[in-house]
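These are the residues of each chain, in order.
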Amino acid sequence: MRDIDGALLVDKAPTWTSHDVVAKIRNHFKIKKVGHCGTLDPAATGLLILLLGRGTKLSERLMGQDKFYEGTIRFGETTDSYDADGEITATSPIPPMTLDSLNEEGKAFVGDTMQTPPMVSAVKVDGVPLYKLARKGKTVERKARLVHIYRFKFSDYTEPEAVFSLACTKGTYVRTIAHELGEAVGCGAHLNSLRRTRSGTFDVKDASTIDELLKMNEDELSKKVLPFTSLVQPE
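Residues numbered from 1 in each chain as written. Predicted model: local features only at pLDDT ≥ 70, side-chain atom pairs only at ≥ 80, totals over all residues. Heavy atoms only, no water.

Novice: Would you mind going over the packing of aromatic side chains in detail, with residue names and values included?
Specialist: Inspection of every chain in the model, using the stated rule, returns 5 aromatic pairs. Centroid distance Phe152 to Phe154: 5.0 Å. Interplanar angle 55 degrees. Geometry classified as tilted. Of the two residues, Phe152 and Phe154, both sit in the buried class. When the centroid spacing of 6.4 Å and the interplanar angle of 65 degrees are considered together, the rings of Phe154 and Phe164 count as edge-to-face. Here Phe154 is found in strand β10 (residues 145-158), whereas its partner Phe164 is found in strand β11 (residues 161-168), with 10 residues between them in sequence. Counting every residue linked through ring pairs, the aromatic cluster contains Phe109, Phe152, Phe154 and Phe164. A cation sits over an aromatic face here: Arg198 above Phe68, 3.9 Å from the ring centre. (Phe/Tyr/Trp six-rings, centres within 6.5 Å; stacked < 30°, edge-to-face > 60°. Buried < 20%, exposed > 50% of the residue type's maximum accessible area, 1.4 Å probe, protein only. Helix = DSSP H or I, 4+ residues; strand = E, 2+ residues; numbered from the N terminus. Lys NZ or Arg CZ within 6 Å of the ring centre and 35° of its normal.)

Structure follows, in structure tokens:
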């Protein structure tokens, strides 16, 4: 395939890892350089930005953009991974809650906060991903990092699940927020579903699914690629 430089917007399906998506596009279309900016957990869906050719040089710049999510939080159950993929470690009765009370709780998360990555994550300690240590039953000290939450808003609550939207800086673990909210309301909680809707100026509504992309020929794929020059914005 001829060289293609730019970005490809993918609407990631559940169960696929970000690496799976990169490998599938690279191998199927025989593109030498393919990367992504901004990992999505396997269970999460939504916008994954793939970088092709010279576009891979913009990884750090595009990865630093703010992220926007929608999802659901399930109360009354705590898991070891802080999301629905993990093992349930505790269950508790859910106290009386309303949409208004949840939004009041959510206000405490808005602003700058030091966030500790969950043990089940790809963050490395001494070169070893935390999730590999977690699989061995090990828990190690993790370095907290500064993140910023612009908006954390609930739009619906039907026990035991609440629907939310979130806007945040890069590197924010939404499942950590769900876990901490569960602690705050006293019954535990975990992230039940998550969808990335935007990253910077890129929107999932402009993205294609893997199934759609794999049905395209070279010319059709090229029309979906945002050119390298359009990605380079003055800083």
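Novice: Kindly report on the environment of Asp11, identifying the contributing residues and their values.
Specialist: Tracing the backbone shows Asp11 in strand β1 (residues 6-12). Considered as a pair, Asp11 and Ile149 are 138 residues apart in the sequence and their alpha carbons are 23 Å apart. A distance of 3.5 Å separates a polar side-chain atom of Asp11 from the backbone nitrogen of Gly46. Polar side-chain contacts of Asp11 include one of 2.8 Å to the side chain of Arg195. (Polar contact = N/O pair within 3.5 Å; in protein donor to acceptor, adjacent residues only side chain to side chain.)

Novice: Kindly report on the pairing of strand β4 (residues 67-75), identifying the contributing residues and their values.
Specialist: Burial within β4 is extensive, with 7 of its 9 residues counted as buried. Note: β4 against strand β12 (residues 189-199), 9 bridges, orientation antiparallel. Bridge assignment links Phe68 to a residue of β12, and that residue is Arg198. (Pairing = 2+ DSSP bridges.)

Novice: So what's going on with the pattern of salt bridges? Residues and values would help.
Specialist: For the structure shown, the criterion picks out 7 salt bridges. Between Lys205 and Asp203 there is a salt bridge, and its shortest N-O distance comes to 3.7 Å. For Asp203, a relative accessible area of 18% translates into the label buried. One salt-bridge network, held together by shared partners, links Arg74, Glu77 and Glu161. (Salt bridge = Lys/Arg side-chain N within 4 Å of Asp/Glu carboxyl O.)

Novice: Describe helix α1 (residues 18-29), listing the residues and the values that go with them.
Specialist: Taking 1.5 Å of rise per residue, 12 residues should cover 16 Å, and α1 covers 17 Å from first to last C-alpha, within 8% of that figure. Among the residues making up α1, those that are buried are Ser18, Val21, Val22, Ala23, Ile25 and Phe29. Elements that come into contact with the buried residues of α1 comprise β1, β2 (34-37), β3 (45-52), α6 (210-214) and α7 (218-224). Once α1 ends, the next one or two residues include Lys30, with phi positive near 55 degrees. (Expected span 1.5 Å × (residues − 1). Contact = heavy atoms within 4.5 Å.)

Novice: Run through a positive patch on the surface, naming residues and quoting values.
Specialist: A contiguous patch of positive charge on the surface is contributed by Lys124, Lys132, Arg135, Lys136 and Lys138. Structurally, the position occupied by Lys132 is in helix α4 (residues 130-135). Taking relative accessible area as the criterion, Lys132 reaches 41% and is therefore assigned partly exposed. (Patch = residues over 30% accessible without salt bridge, like charges linked within 9 Å, V, L, I, M, F, W, Y side chains within 5 Å. Areas by Shrake-Rupley, 256 points an atom, 1.4 Å probe, with all protein chains shown as cover. Lys, Arg positive; Asp, Glu negative; His and termini not counted. Charge placed at Lys NZ, Arg CZ, Asp CG, Glu CD.)

Any functional reading would require information beyond the geometric quantities listed.
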